[in-house]
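As a plain string of letters, each chain reads:
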Amino acid sequence: MARLNLQSLRHAAPVLLGAALFLLGLYALFHLLKSVNPADVAATIRATPVSVLATALCATVIGYVALIFYDWFALRFIGKRLDRRVVALGGFLGYAFGNTIGVSVVSGGAVRYRIYSAVGLNAFEVAAVSGYIALVLGTGLTLVGLAALAIHPGAVGALLPFSPQTIQTVATLLTALSVGLIVRLSGSQRSVSIRGHDLRLPPLADLGGQLVVTLIDIAAASFALWVLLPDGKSDYATFVAVYAAATMIGVLSHVPGGVGVFETVVIGTLPTAVPVGEAAAALLLFRLVYYLVPFALAFLLVALNEIRLASGLGSRLLARAPTLQPAFATLHGISPGLVASVAFGFGVWLLLITMLPSVRAEAMSEGDVVGVLLLEGGTLASAVAGVALIIVSHGLARRVSSAWWFAVGALLAGAVASLVNDFDFGNAAFLGAGALFLLPFRKAFDRPGQLTSGVFDARWFVTVISACAAAAAFFLFVHKAVPYSNNLWSEFSRNSNTPRALRAGLAATTVLFFFGIYLLTRPIRTPRLEVTAPEAMPRAFALCAKADDPQAWLSQTGDKWLMFSGTGNAFLMYGVHGASWITYGDPVGDPAEFEALVWTFTDQAARANARPILYEVGRENLPLWVELGLTLHKIGEEAVVRLPEFSLAGGHFKTMRTTMKKRQRDGYEFALLSAPHDATLINTLRVISDAWLGGKTGREKGFSVGRFDPAYLALFDIAVVRKEGRIIAFANVLAGKDGRKITVDLMRYLPDEASGLMEFMFLSLIEHYKAEGAQEFSLGMAPLSGLSERSVSRSWNRFGRLIYRHGGAFYNFEGLRAFKQKFQPEWRPRYLALPPTVSPMRAMGDVALLIAGSARGLIAK
């Protein structure tokens, strides 16, 4: 098993805490509803006037319109302007999915990233938007709740061990202090540091607008629930405090939608005159109106978009709004996670309905054996279909093609089981509609593989256990009037509703138990690694020749494994050190195949109990890393000289011009030697390479740089510097497709000739390739350069800056950047992409050892 560490525990803590709070909320809710008759709850729901439902729906519409303005103010805060229709789309989908599901792949932040990045925002700007919204929502709920408590201190008196006077005094003081501090900071535009994070508030005008939006949001949402509550409830102003407190506790619980936790707080604070059963019915209707109706509309919107992509229907209409086209096009990426969440929800629904008493049984005759068997079979089939959907949701999230077919089949099987079990045409139609709405998403599931392929992580297990606990609690609630006895398990008759539900629960639990045992005990199959076999290298060579990035040629060094996509049109290179599988750079080849390729890499690494680490990736594929759920850590910056704009003329390059002319007067000559190269040249270069290595305290490195290997060097042109006819320095040149992008790999020279030599080499190469029409010349990466000085930086940034400034005994980080800065390059960020549970410091330690080859090699300069 994978070794646990503090980093893993820290990331698991919110999941475990959320599960614990959910179970505690479930337990408390069960006891609050102990005296409630389930039939009375159903009757109350059916008796709810249409006018009340319409009012709650209108309040929901107003609330979601207000929520969209959170996005508008967030974008305004970071200085970005987007088309209002794009903001409305991103805001609505973000809240509709995020409020109901809250899973990372379809969270509000992930949905916003998809949409806003398609219209020009980068990952950090979208993160700033999400952070602003989270902070404003939390602050707004807290302040409104405190203000309401200051006016109505008895609203949550049943939950707090203090007198109303104490609650009122404390709430008034906290509200006044908070508002005063916020107004002061907003007016002065000063930032405040909280746990190393600098926070700056919007100007007073924007703050006022945001306050109005927050008040409308909370007022509309609380009114949607208040209007559904029965007579005897608190007045509306008092209830606002209850709603704000319940929502905040639900958010802090990390439970999607605060399910169970929110209901417990609301019921626990209602006046005793309110019947608990009617309050429970109101809360169920509120969940339906405020959460599930917007979610269903958002899901329908994505489904219609999938139909448009597949058939072209509606494309003409969308063509009238060109700013919306990229936003809608990117919705395809959230489809797998969305369908997985919907399938999981249908699975839980099937488990719940198997717990309900059968209506059909009352119409059956006493000796109807066939009818009893159909009831038993339908109930068991519903339970098994529900479990199957829960299990297969994992495969759907990973885009496995067979998982989609299985999910559609399970939904149809559940519909048939509903008909067999209870002639439940309504539920059968609901499940059939679910299968129908999955059809447009067929193209989103294009990955071959087994249904159970991939890694079932702790979050999945905790979610399933929580769903099973909810089903068990529902069973106990529905059948609490039936005393338990062992005879229930063997009782078969038309009225054996409780025994049937028990057996269905046992069947579902058994399937899940043995599936869990299978996952925990299945042998770990170390995947077949495709190394530099004779057939692999030419395939990679052909793709490198078509690649824009010249770093792709490092795949030819022979010290890395190669993993190809299913069609062979893309590959990635990686090395293995201990329990880490480390890729170098971005994938190479067809970008359309990058996602499936990286999925395969991360899957196989996890199946081998290894950590997938993506080292030195660029900004080109940031959306892919975000979609895969990886976290990004900046590890340095690449210095890129834009050749068309480069010129030695001007004051910036006066010193370099002088150095260049001096070297030329001293007899230095530059030449570019085309491949292939004869043995005499290689032998000459080997002498230089050995002398260069001899001046280092470590040995030759690998992985991220080439080695002195005649077969490897034979692939490239080699730049040389001669002095008085003798070669004293060389570098092999890597070129991208069409020679537009150039970089160098090995750069070695005779130690006695070091002064000014590399500067002369770079300037000569830049002038040569500028004349050849190249567009960019990369000077390589400056490690740990450009890490944030601001407080939003994480511990990795702070540690990296410390090494950057004080690590000169091992490597001259600041000197390297200063040297490259002389060429006035464009600095481009390079990242380390990791699963959230992997420490960046541990990952970088493994990367450093892989490059150095040993701990001794780390001290090389």
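Residues numbered from 1 in each chain as written. Predicted model: local features only at pLDDT ≥ 70, side-chain atom pairs only at ≥ 80, totals over all residues. Heavy atoms only, no water.

Focus on the overall build of the chain
Scanning the chain for helices and strands turns up 29 helices and 14 strands. In the chain, buried positions account for 50% of the 861 residues. Sequence-distant contacts, at least 24 apart, represent 73% of the contacts inside the chain between residues at least 6 apart. Element-wise, carbon and sulfur atoms account for 64% of the exposed surface of the chain, whose accessible area totals about 39300 Å². (Helix = DSSP H or I, 4+ residues; strand = E, 2+ residues; numbered from the N terminus. Buried < 20%, exposed > 50% of the residue type's maximum accessible area, 1.4 Å probe, protein only. Contact = heavy atoms within 4.5 Å. Areas by Shrake-Rupley, 256 points an atom, 1.4 Å probe, with all protein chains shown as cover.)

Structural notes on the pattern of salt bridges
All told, the structure shown has 20 salt bridges when counted by the stated rule. Arg85 is the partner of Asp83 in a salt bridge, and the nearest nitrogen-oxygen pair spans 3.1 Å. Residue Arg830 is joined to Glu638 by a salt bridge in which the shortest nitrogen-to-oxygen separation is 3.6 Å. In this pair, Arg830 is assigned in strand S14 (residues 826-834) and Glu638 in strand S8 (residues 631-642), connecting sequence segments 192 residues apart. Taking relative accessible area as the criterion, Glu638 reaches 14% and is therefore assigned buried. One network of salt bridges, with partners in common, ties together Arg619, Arg642, Glu645, Glu776, Glu826 and Arg828. (Salt bridge = Lys/Arg side-chain N within 4 Å of Asp/Glu carboxyl O.)

Focus: unusual backbone geometry
A cis amide bond links Ala675 to the next residue, Pro676, at an omega of -5°. If you trace the backbone, Pro676 turns up in the loop between strand S9 (668-673) and helix H24 (679-694). One non-glycine residue, Glu616, lies in positive phi territory at about 60°. As for its position among the elements, Glu616 is in strand S7 (residues 611-617). Positioned with a positive phi, Gln824 is a non-glycine residue whose angle comes to about 50°. Relative to the assigned elements, Gln824 resides in the loop between helix H28 (813-821) and S14.

Quick look at the pairing of strand S10 (residues 717-723)
Across 6 bridges, S9 lies against S10 in antiparallel orientation. Of the residues in S10, the one forming a bridge with Glu669 is Arg722. Taken together, the 7 bridges between S10 and strand S11 (residues 726-735) define a ladder with antiparallel strand orientation. Across the sheet, Val720 pairs through a bridge with Phe730, a residue of S11. Here S10 hands over to S11 after 2 residues, with Glu724 in that stretch at a positive phi of 55°. (Pairing = 2+ DSSP bridges.)

A word on the side chain of Thr583
With respect to the helices and strands, Thr583 occurs in strand S5 (residues 580-584). Relative accessible area serves as the criterion here: at 3%, Thr583 is assigned to the buried category.

Quick notes on the nonpolar core
Core analysis: the largest hydrophobic core is formed by 128 residues, its most contacted members being Phe97, Ile115, Tyr116, Phe286, Leu389, Leu396 and Trp625. No other element matches helix H11 (residues 276-311), which puts 15 residues into this core. In this structure, Ala639, Ile766, Phe777 and Leu850 belong to the second largest nonpolar core, which totals 81 residues. (Core = buried A, V, L, I, M, F, W, Y, C linked by side-chain atoms within 4.5 Å.)

Topic: the confidence of the model for the chain
Summing up the model confidence of the chain, the mean pLDDT is 79 and the portion of residues at 70 or higher is 82%. Taken element by element, the predicted model of the chain shows its lowest mean pLDDT in helix H27 (residues 795-806) (41) and its highest in helix H3 (residues 50-77) (93). Here residues 1-5 scores under 50 on pLDDT; set against residues more than four positions off or in separate chains, the count is 6 contacts. When the criterion is pLDDT under 50, residues 786-812 qualifies, and its contacts beyond four places in sequence or with other chains add up to 52 contacts. (pLDDT = per-residue confidence, 0-100.)

Observations regarding the environment of Asn427
Mapped onto the elements, Asn427 comes out in helix H17 (residues 425-438). For the pair Asn427 and Val416, spaced 11 residues apart in the sequence, the C-alpha separation amounts to 9.8 Å. A distance of 2.7 Å separates a polar atom in the side chain of Asn427 from a polar atom in the side chain of Trp349. (Polar contact = N/O pair within 3.5 Å; in protein donor to acceptor, adjacent residues only side chain to side chain.)

Observations concerning the packing of aromatic side chains
Going through the model one piece at a time under the given rule, you end up with 32 aromatic pairs. Note on Tyr668 and Phe760: the rings are 5.8 Å apart at their centroids and 65° apart in plane angle, and the pair reads as edge-to-face. Here the residue Tyr668 occupies a position in strand S9, and Phe760 occupies one in helix H26 (residues 757-771), the gap between them amounting to 92 residues. Residue classification places Tyr668 among the buried residues on the basis of a relative accessible area of 6%. Phe760 gets classed as buried once you look at its relative accessible area, which sits at 3%. Chaining the aromatic ring pairs together yields one cluster made of Tyr64, Phe92, Tyr243, Phe262, Phe286, Tyr290 and Tyr291. Its end group placed over the ring of Tyr291, Arg287 keeps NZ or CZ at 4.8 Å from the ring centre. Between Arg539 and the ring centre of Phe564, over which it is positioned, the NZ or CZ distance is 3.9 Å. (Phe/Tyr/Trp six-rings, centres within 6.5 Å; stacked < 30°, edge-to-face > 60°. Lys NZ or Arg CZ within 6 Å of the ring centre and 35° of its normal.)

What to know about H24
Taking 1.5 Å per residue as the helical rise, H24 with its 16 residues ought to reach 22 Å, and the 22 Å between its terminal C-alpha atoms agrees with that figure. Residues Leu681, Ile682, Leu685, Ile688, Ser689 and Trp692 constitute the buried set of H24. On an axial view of H24, the arc spanned by its buried residues comes to 125°, and they lie on one face. H24 presents Ala679, Thr680, Val687 and Gly694 as exposed residues on the side facing more than 90 degrees away from its buried surface. Looking at the buried side of H24, the elements it contacts are S9, helix H25 (710-713), S10, S11 and strand S12 (741-749). For H24, the N-terminal capping position is held by Asp678, with its side-chain oxygen 3.2 Å away from the main-chain nitrogen of Thr680. (Expected span 1.5 Å × (residues − 1). Arc of directions from axis to C-beta.)

Re the packing of helix H6 (residues 123-151) against helix H7 (residues 164-188)
For the pair H6 and H7, interaxial distance at closest approach is 8 Å and the crossing angle is 140°. It follows from the interaxial angle that H6 and H7 lie oblique. Of the two possible hands of crossing, H6 and H7 adopt the one that is left-handed. Counted together, Thr139, Leu143, Leu146, Ala147, Leu149, Ala150 and Ile151 of H6 and Ile167, Gln168, Ala171, Thr172, Leu174, Thr175, Ser178 and Ile182 of H7 form the full contact between these two elements. Classifying every residue of the contact of H6 with H7 gives 10 nonpolar, 5 polar and no charged. (Axes fitted to C-alpha atoms, helices over the stretch in contact; angles between N-to-C directions. Parallel < 35°, antiparallel > 145°, perpendicular 65-115°, else oblique. Left-handed = near helix turned anticlockwise from the far one by under 90°. Nonpolar A, V, L, I, M, F, W, Y, C, P; charged D, E, K, R; others polar.)

A short note on the packing of H3 against helix H4 (residues 84-100)
Two numbers describe a pair of packed helices, the interaxial angle and the distance between the axes. Running from N to C, H3 and H4 cross one another at 120°; their axes reach a closest spacing of 8 Å. Taken together, the axes of H3 and H4 are oblique relative to one another. Relative to H4, the crossing made by H3 is right-handed. Contacts from Tyr64, Leu67, Ile68, Tyr70, Asp71, Trp72 and Leu75 in H3 reach Val87, Ala88, Gly90, Gly91, Phe92, Tyr95, Ala96 and Asn99 in H4. Tallied by class, the residues present in the contact of H3 with H4 amount to 11 nonpolar, 3 polar and 1 charged.

Points about the environment of Ala711
Relative to the helices and strands, Ala711 is located in helix H25. Residues Ala711 and Pro676 lie 35 residues apart in sequence; the distance between their C-alpha atoms is 9.7 Å.

Brief notes about the pairing of S7
Regular strands place side chains that alternate from one sheet face to the opposite one. Here S7 lies mainly inside the structure; 7 of its 7 residues are buried. Where S5 meets S7, 5 bridges bridge the pair, whose relative direction is parallel. Its bridge partner lying in S7, Thr583 is registered against Leu614. As defined by bridge partners, S7 adjoins S14 across 3 bridges and the pair is classed as antiparallel. Of the residues in S14, the one forming a bridge with Leu614 is Ala833.

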